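As a plain string of letters, each chain reads:
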Amino acid sequence: MRAALVRLRRGTGLPVAFGGLMAGGTGSVRIGELSGAVTGALRGLAIATGNGLGGKALALSRPCAVTDYPVSRHISHEYDAAVAAEGLLSVLAVPVVVRRRVRGVLYGALRTAQPLGDRTLGEAVAAARDVEQALVVRDEARALLAAVAGAGAAGSVAGGVAGSVAGAGGPAAGSGAGAAVGSAAWEEVREAHGALRALAPRVMDPALREELLAVCGRLASATAPPPVRDVGLTPREVDVLACVATGATNAVTAERLGLRPETVKAYLRSAMRKLGAHTRLEAVVASRRAGLLP
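Definitions and cut-offs
- Residues numbered from 1 in each chain as written.
- Predicted model: local features only at pLDDT ≥ 70, side-chain atom pairs only at ≥ 80, totals over all residues.
- Heavy atoms only, no water.
- Buried < 20%, exposed > 50% of the residue type's maximum accessible area, 1.4 Å probe, protein only.
- Helix = DSSP H or I, 4+ residues; strand = E, 2+ residues; numbered from the N terminus.
- Pairing = 2+ DSSP bridges.
- Axes fitted to C-alpha atoms, helices over the stretch in contact; angles between N-to-C directions.
- Parallel < 35°, antiparallel > 145°, perpendicular 65-115°, else oblique.
- Contact = heavy atoms within 4.5 Å.
- Nonpolar A, V, L, I, M, F, W, Y, C, P; charged D, E, K, R; others polar.
- Phe/Tyr/Trp six-rings, centres within 6.5 Å; stacked < 30°, edge-to-face > 60°.
- pLDDT = per-residue confidence, 0-100.
- Core = buried A, V, L, I, M, F, W, Y, C linked by side-chain atoms within 4.5 Å.
- Arc of directions from axis to C-beta.
- Salt bridge = Lys/Arg side-chain N within 4 Å of Asp/Glu carboxyl O.

**A look at the pairing of strand β1 (residues 16-22)**
The element β1 is extensively covered by neighbouring structure, given that five of its seven residues are classed as buried. Summarising the sheet, β1 and strand β6 (residues 101-109) pair through six bridges and their orientation is antiparallel. Note on β6: the bridge partner recorded for Val16 is Ala109. In the sheet, β1 pairs with strand β2 (residues 28-35) via six bridges, with the strands oriented antiparallel. If you follow Met22 over to β2, its bridge partner there is Val29. Where β1 folds back on β2, the antiparallel hairpin that results is connected by five residues, among which Gly25 adopts a positive phi of roughly 75°.

Right, here's the structure in full:
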């Protein structure tokens, strides 16, 4: 949100920007970020759907603007005191919508009464799209974490996530139907590990990104013996190997990681050299033995 507000101000030239996300279970947006504000009057405001300019944008799921906020007849005026304290007149509001669900709102404002043109509105919408993309990535990350934790709770994965790998036995535990189920579950874990490694660099929230990487580390070390030596792979080399381990081609790996295919090849060659591997399969096997992949 903070980066989007900075982009909004830079792109539009508006001196003030602020916004917030839906507060869980309340049905209202709480203003949590301010950029360019000279008072704290706007911070913490709970914007109800339909109320004020932001509430109107939330209700209609589209951008709205007013040229002179205090006297506008097109909005209700529940938040006039906070707006007046900050000295705002021309204001626009853009909803943040993810998968047809409103998740927040961004505002940009002037302290003079003048029309806000299409270019200004377009830049504000672009800033809102940034927030939407960040929320999509965050949702995907949390869904993957929940899936991995669920697998651990069911006994498919444990150790680093929700129990002990010894209880699950890893992919080689058991025999007959039980072994088949365990092996299939472990392949799902490996796919989830690859997806988490690919997703982590796109996560803007530092705490969530660290959580993703920590889970990746626990998954990777769940069944592997302690590494005999530190092979010194870089994070990006591990990312590439995690994708390759799921059967992804260089082209698919490049798409997942946002890299060029040539860059993926370079990372793979470097990783293979460090691991003493001559093929992709050997590199994956060596990585698992070193505790870098599950």
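**Concerning the pairing of β6**
A regular strand places its side chains so that they alternate between the two faces of the sheet. Within β6, eight of the nine residues are buried, which leaves the element mostly enclosed by the surrounding structure. Once strand β5 (residues 91-98) ends, the chain turns through two residues before running back antiparallel as β6, passing Arg99 with a positive phi of about 50°.

**Let's talk about the packing of helix α9 (residues 250-257) against helix α10 (residues 261-275)**
Direction vectors running N to C along α9 and α10 enclose 105°, while the axes themselves pass 8 Å from each other. The orientation of α9 relative to α10 falls into the category roughly perpendicular. Every residue of α10 that contacts α9 at Asn250, Thr253 and Ala254 is listed here: Pro261, Val264, Lys265 and Leu268. For the contact of α9 with α10, a count of residues per class yields four nonpolar, two polar and one charged.

**Re the packing of aromatic side chains**
The final tally for this structure, using the stated rule, is one aromatic pair. Consider the rings of Phe18 and Tyr107, whose centres lie 4.4 Å apart with planes at 10°: the pair is stacked. Taken together, the residues Phe18 in strand β1 and Tyr107 in strand β6 connect sequence positions 89 residues apart. Take Phe18 and Tyr107: they sit in the same class, and that class is buried.

**Topic: unusual backbone geometry**
Even without a glycine there, the phi angle at Arg99 is positive, about 50°. Along the chain, Arg99 turns up in the loop between β5 and β6. Residue Arg99 is classed as exposed on the basis of its relative accessible area of 60%. Although it is not a glycine, Arg100 adopts a positive phi angle of roughly 65°.

**A look at the confidence of the model for the protein**
Taken over all residues, the pLDDT of the protein has a mean of 82, while the share at 70 or more is 83%. With pLDDT under 50 throughout, residues 156-181 is counted as low confidence; its partners more than four residues away or in other chains account for 38 contacts.

**Examining the nonpolar core**
Formed by 24 residues in total, the largest nonpolar core has its most connected members in Phe18, Ile47, Leu53, Tyr69, Leu88, Val91 and Tyr107. Contributing elements (two or more residues each) for this core: β1, β2, α2 (52-60), β4 (64-66), α3 (80-86), β5 and β6. Per-element tally for this core: the top contributor is β6, with four residues. Counting 22 residues, the second-largest nonpolar core is a separate cluster that includes Val240, Leu257, Val264 and Ala283.

**Some remarks on α9**
Residue pairs spaced three or four apart in an α-helix point in one direction, given the helix's 3.6 residues per turn. The complete set of buried residues in α9 reads Asn250, Thr253, Ala254 and Leu257. Angularly, the buried residues of α9 cover 100° about the axis, an arc narrow enough to put them on a single face. Phi turns positive one or two residues past the end of α9, at Gly258, with a value near 70°.

**Observations concerning the sheet that holds β1**
Pairing in this open sheet of six strands is antiparallel, and the strands run β3-β2-β1-β6-β5-β4 from one edge to the other. Across the chains shown, the open sheet's two edge strands, defined by having one partner strand only, are β3 (46-48) and β4. When the angles between neighbouring strand axes are averaged without regard to direction, this sheet yields 25°. Sitting on the sheet, helix α1 (residues 2-12) is in contact with β1, β2 and β6, with an inclination near 150° to β1.

**What to know about the pattern of salt bridges**
Throughout the structure, instances matching the rule amount to nine salt bridges. The partner of Asp130 in a salt bridge is Arg7, with the nearest N and O atoms 2.7 Å apart. Within this pair, whereas Asp130 is found in helix α4 (residues 118-153), its partner Arg7 is found in helix α1, the two being separated by 123 residues in sequence. The closest approach of N and O atoms between Arg260 and Glu262, which form a salt bridge, is 3.7 Å.

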